[in-house]
Structure formats: C-alpha cells, structure tokens
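# Results of the structural survey
So the chains spell out like this:
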Amino acid sequence: GQSLEQPSEVTAVEGAIVQINCTYQTSGFYGLSWYQQHDGGAPTFLSYNALDGLEETGRFSSFLSRSDSYGYLLLQELQMKDSASYFCAVRSLYNQGGKLIFGQGTELSVKP
Amino acid sequence: EAQVTQNPRYLITVTGKKLTVTCSQNMNHEYMSWYRQDPGLGLRQIYYSMNVEVTDKGDVPEGYKVSRKEKRNFPLILESPSPNQTSLYFCASRPAGVYGYTFGSGTRLTVV
C-alpha cells in the first residue's frame, strides 16, 4: 500500500520557526512535494524534492531523506498569513509519474 | 492570465442525475488531474491524464469518468451521482518535466 503520515495540527508564534514532518510508504518513489491551502481555497505548490537534501525558497525550505522515507517543510520567520493547511504529496513511479498521493494535511496556526 | 478554470463553483443536484464538471487550462500543460477533498481525508486523486487520449485511474475512480479529447480540457463526469460523492473537487494541471501542479478554484458539489 501507499501512505503518508503528517501531524494533524501544529501551533507556533509569529516570528518563530516551525517544522512539519512527513513520512511515507510507497511502492515506487519519484519525489516529495509540498502544498499550502488556505481555508477551502485552491492548494498552492510550494516545493518539490527528488533528491536527498535541502531545497530553499525564501522563508520556506523542504528536506528529503530517501533512505528514511522522510521529509519536512521548514517555515521561518512565521507570519500570520502562514496559518493554513500544509500537505505533503508523493509522486509515484507508476505510469509516467502521473499518480500523486497526498497526506491528510497539517493545520498550522500562527499566534501573535 | 495563466490559470485552471473549473465550472461550476457550486452545484447542488439530486441522486442519479448525470452531471459534468468542466476543467480547462490555458497553459498547454500535458498533465491534468482531478481530486476530491473531504474533511480528515486530505486530497484523493480520482483520475489523471498524461496527455490527449491518455488517462488512468487514481485512488478513488469509482463512480466517475473522464475524457481528454483536447489538451486544454479534462471534464469530470458523474453518470449517476450519489450522496457519498458530495465533496469539494479540484482540477489541476502541470507541464511535463515540472512537478508542481496548478489548481483550479474548486467545485463544491452536494448530492441530495
């Protein structure tokens, strides 16, 4: 089977750093993506890791360890607008990489 | 403006009445996909398409059909909707070789 696990909710204060973890089990792995979704809105792509290591995009960084089947999203200098749900997603080797499996999401609350 | 357009945004229908949710993208993307989102279950892939006339099932295809006759359009068809298909539906697209999807604004479907 294929599954992803991430915490259901995380709370942090404005200006802090928060890490959202994601562990996955999948038969055939291409890469790990992260998406942000504000209340009922469209998910927005944040990052993609195909190789081990850290990818940085502004205040957001994403890390992948293929040997541990583990990744995380790191958000720095948290702002109130970062309050949202964050989803990790695995791109599967199956069928030219069209299959994408999402975790259940982590709801991040940023407090003043 | 580059975008994925879904219609309608909201729909209430009755059990058994065939309906189509349209999805169109103006970015010449090869990959298109449909997801449903239910509380506590994250985003689950219904169908995806790698290009014109190439489609495959995601994790929850039962009760849905798709077609990809033109590159820009990827309609989702519910031949005989049932109440358990009440959900928030998202269409998404991405180009080949780039791994972040662009999502539409969503269609909130209620089947009574």
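Residues numbered from 1 in each chain as written. Chains lettered and ligands numbered in written order. Predicted model: local features only at pLDDT ≥ 70, side-chain atom pairs only at ≥ 80, totals over all residues. Heavy atoms only, no water.

### Section: the sheet that holds strand β3 (residues 19-25) of chain B
Sheet strands pair via backbone hydrogen bonds, and the direction of the pair is either parallel or antiparallel. Residue and element names in this part refer to chain B. Counted only if it meets this: For two strands to count as paired, DSSP must find a minimum of two bridges between them. What counts as a helix is a DSSP run of H or I of at least four residues, what counts as a strand is a run of E of at least two, and both are numbered from the N terminus.
As summarised here, the arrangement of the 4 strands in space is β1-β3-β8-β7, forming an open sheet in which the pairing is antiparallel. Two strands lie at the open edges of the sheet, namely β1 (4-7) and β7 (65-66), each paired on one side alone. Inspection of the sheet shows β7 paired to strand β8 (residues 76-78) by 2 bridges, in the antiparallel sense. Bridging across to β8, V66 finds its partner in L76.

### Regarding the nonpolar core
Among soluble globular proteins, nonpolar side chains are generally buried collectively. For the record, the criterion: The term nonpolar core refers to a set of buried residues drawn from Ala, Val, Leu, Ile, Met, Phe, Trp, Tyr and Cys, joined through side-chain atoms within 4.5 Å. Three labels apply to residues, based on accessible area from a 1.4 Å probe with only protein chains included: buried if under 20% of the type maximum, exposed if over 50%, partly exposed otherwise in between. Any two residues having at least one pair of non-hydrogen atoms within 4.5 Å are treated as being in contact.
One finds L4(A), L32(A), W34(A), L75(A), Y86(A) and L108(A) to be the most contacted residues of the largest nonpolar core, which totals 23 residues. Those elements giving two or more residues to this core turn out to be β2 (9-13), β3 (18-25), β4 (31-37), β7 (60-65), β8 (70-75), β9 (84-91) and β11 (106-111) of chain A. Each residue touching L4(A), except ones within four places of it in the same chain, is listed here: C22(A), T23(A), Y24(A), L32(A), C88(A), A89(A), V90(A), I101(A), F102(A) and G103(A). Counting residues in each nonpolar core, the second largest holds 18 residues, with V60(B), L76(B), L78(B) and C91(B) among its members.

### As for the packing of aromatic side chains
What counts here: To pair, rings of Phe, Tyr and Trp, with the six-membered ring standing in for Trp, must have centres within 6.5 Å; the planes then decide the type, stacked if under 30 degrees apart, edge-to-face if over 60, and tilted in the middle. We count a charge as sitting over a ring when the NZ of a lysine or the CZ of an arginine lies within 6 Å of the ring centre and within 35 degrees of the ring normal.
A full pass over the atoms with the stated rule returns 13 aromatic pairs over all chains. Centre to centre, the rings of F102(A) and Y35(B) are 5.3 Å apart; their planes meet at 85 degrees, and the pair counts as edge-to-face. Placement of the pair is F102(A) in strand β10 (residues 100-102) and Y35(B) in strand β4 (residues 31-38), with the two residues belonging to separate chains. Looking at F102(A), the relative accessible area reads 8%, which means it is buried. The side chain of R94(B) reaches across the aromatic face of Y31(B), ending 3.8 Å from its centre.

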